[in-house]
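The residues making up each chain are set out below.
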Amino acid sequence: MVVLGIETSCDETAAAVVEETGDIPRPWRVKSNIVASQIEVHRKWGGVVPELSARQHVRDICDVVERALADAGVETYDAIAVTQGPGLMGSLLVGLSFAKALAWARSVPLIPVHHLAGHIESLVLGAGEMPLPAIVLVVSGGHTNLYRIEHAGVYELLGRTRDDAAGEAFDKVAKLLGLGYPGGPAIDLVAAHGDDRAVPLPKTRLTHADRNAPELPGHRDFSFSGLKTSVLRHVTSRREERGLAAGEPLPRQHISDIAASFQRVVVETLLDRLFDAAQSYGAQSVGIAGGVSANSRLRTDATARGVSRGLPVFIPTLGLSTDNAAMIAAAGLRRYRAGIVSALDVDADA
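Residues numbered from 1 in each chain as written. Predicted model: local features only at pLDDT ≥ 70, side-chain atom pairs only at ≥ 80, totals over all residues. Heavy atoms only, no water.

Draft legend 1. Local environment of helix 8 (residues 252-280). For helix 8, with 29 residues, the first-to-last C-alpha span of 42 Å sits near the 42 Å given by 1.5 Å per residue. Buried residues dominate helix 8, accounting for 24 of its 29 residues. Positive phi appears at Gly282, one or two residues downstream of helix 8, with a value of about 65°. (Helix = DSSP H or I, 4+ residues; strand = E, 2+ residues; numbered from the N terminus. Expected span 1.5 Å × (residues − 1). Buried < 20%, exposed > 50% of the residue type's maximum accessible area, 1.4 Å probe, protein only.)

Shown next, in the form of structure tokens:
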């Protein structure tokens with residue numbers, strides 16, 4: 001079976017073709033994976049502007065889908081998988097409307113996909129099926145969620161962020177330090193030259209349940225707003241000590257030290273929750289997916305912890321870490337084989 005995947009949840013217009021292999025442990029093969037990034041569109045604003053994002057999707061989507069089909073060397077496909085949500089409503093509607101029209105015109109099934117399910121299935125695309133049960137951390141600019149997977153395609157939420165997502169915290173701290181957008185790669189780069197113990201920053205450990213999600217125990221939730229505020233206070237204090245004028249940056253080494261200290265605390269917080277959950281639930285493997293999984297320290301430290309605990313650690317390749325359509329096609333295949341397809345009146349779910 002061959003599936004065309006379409007992803008437009010935020011600021012990447014993406015299309016991909018994925019086919020089933022019939023092999024174990026690698027059930028799917030990526031035949032093409034095209035991504036049109038909007039980083040340059042949003043860079044001067046320091047973050048994604050929803051209206052600009054939706055308009056750029058309209059400009060790019062036809063070309064991106066045509067390129068995906070051409071690169072895959074296919075003219076026909078058996079189904080279309082598309083991101084239904086979560087995401088920016090205007091952006092989602094572009095991809096979903098396009099996929100509906102194409103499914104109707106080609107008389108093929110439409111498979112709506114949850115964006116985070118796509119990130120989870122990117123782990124399978126990269127390295128094959130994970131030994132189950134598994135604990136997976138999905139960490140990106142919009143989400144920081146912890147899942148238990150007992151059966152392939154079934155994801156049980158164990159914890160989530162109460163405020164900022166980890167990737168959002170990276171972006172905000174990078175902006176505070178004058179490092180530009182996107183913040184994750186910028187902090188990763190300068191942190192390599194800093195002392196990660198130079199700045200004392202707090203790690204938040206939640207102990208009470210979230211009143212908005214009382215079914216979750218709370219201690220596996222995340223919070224990064226306090227850490228972000230601590231960085232702000234530290235930067236403000238150092239600027240005052242040095243008598244710096246508005247807009248004048250801190251010394252380069254001190255910026256590197258702040259970035260390294262911030263990155264260390266975020267990574268330790270993420271991995272503490274991930275591996276604690278793995279131990280509690282007797283996981284046979286762990287995974288980290290989403291845009292923040294591209295962070296070099298997170299990848300290195302996660303692999304080291306996995307080795308020390310005898311647990312295989314699954315992390316997607318860099319090309320599959322950020323938003324892409326191959327992961328949506330893979331999740332669509334998973335859903336299709338479970339008997340899940342949709343009528344053409346399905347709505348976007350921001």
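Draft legend 2. Here's a closer look at the nonpolar core. Ile135, Phe262, Leu270 and Leu274 are the most contacted members of the largest nonpolar core, which totals 43 residues. For this core, the secondary structure elements donating two or more residues are strand 6 (134-139), helix 5 (166-176), helix 6 (183-191), helix 7 (225-242), helix 8, strand 9 (285-289) and helix 9 (296-309). Counting residues per element, this core draws most heavily on helix 8, which supplies 14 residues. Aside from chain neighbours lying at most four places away, what touches Leu274 is Ile135, Val136, Leu137, Leu146, Val286, Gly287 and Ile288. Core analysis: the second largest hydrophobic core is formed by 27 residues, Leu4, Val65, Ala99 and Val108 among them. (Core = buried A, V, L, I, M, F, W, Y, C linked by side-chain atoms within 4.5 Å. Contact = heavy atoms within 4.5 Å.)

Draft legend 3. Structural context of the sheet that holds strand 2 (residues 12-20). Within the open sheet, the five strands sit side by side as 3-2-1-4-5. Their pairing is mixed. Looking along the sheet, the strands with just one partner apiece sit at the ends: strand 3 (28-37) and strand 5 (110-114). Adjacent strand axes in the sheet meet at a mean angle of 20° when their direction is disregarded. Where strand 4 (residues 79-85) and strand 5 come together, five bridges link them in parallel fashion. If you follow Val82 over to strand 5, its bridge partner there is Pro112. (Pairing = 2+ DSSP bridges. Axes fitted to C-alpha atoms, helices over the stretch in contact; angles between N-to-C directions.)

Draft legend 4. Looking closely at the layout of surface pockets. What the largest pocket holds in volume is close to 1,100 Å³. Along the walls of the largest pocket sit 38 residues, with Asp11, Ser140, Gly141, Asp171 and Tyr181 positioned nearest its centre. Of all the secondary structure elements, the ones that give two or more residues to the lining of the largest pocket are strand 3, helix 4 (115-127), helix 5 and helix 6. A total of six residues in the lining of the largest pocket trace back to one element, the largest contributor, which is helix 5. For the lining of the largest pocket, the residue count by class is 13 nonpolar, 17 polar and eight charged. By volume, the second largest pocket amounts to about 220 Å³. In this structure, the second largest pocket is lined by 14 residues; those nearest its centre are His114, Ala117, Gly153, Tyr155 and Arg335. Listed by contribution, the elements that provide at least two residues to the lining of the second largest pocket are helix 4 and helix 11 (326-337). Of all the elements, helix 4 adds the most residues to the lining of the second largest pocket, at four residues. Residue classes in the lining of the second largest pocket are distributed as nine nonpolar, two polar and three charged. (1 Å grid on protein atoms, 1.4 Å probe; cavity = no way out; pocket = protein on both sides within 12 Å on 5 of 7 lines; lining within 4 Å. Points joined across faces, edges and corners; volume = space filled by probe spheres on them. Nonpolar A, V, L, I, M, F, W, Y, C, P; charged D, E, K, R; others polar.)

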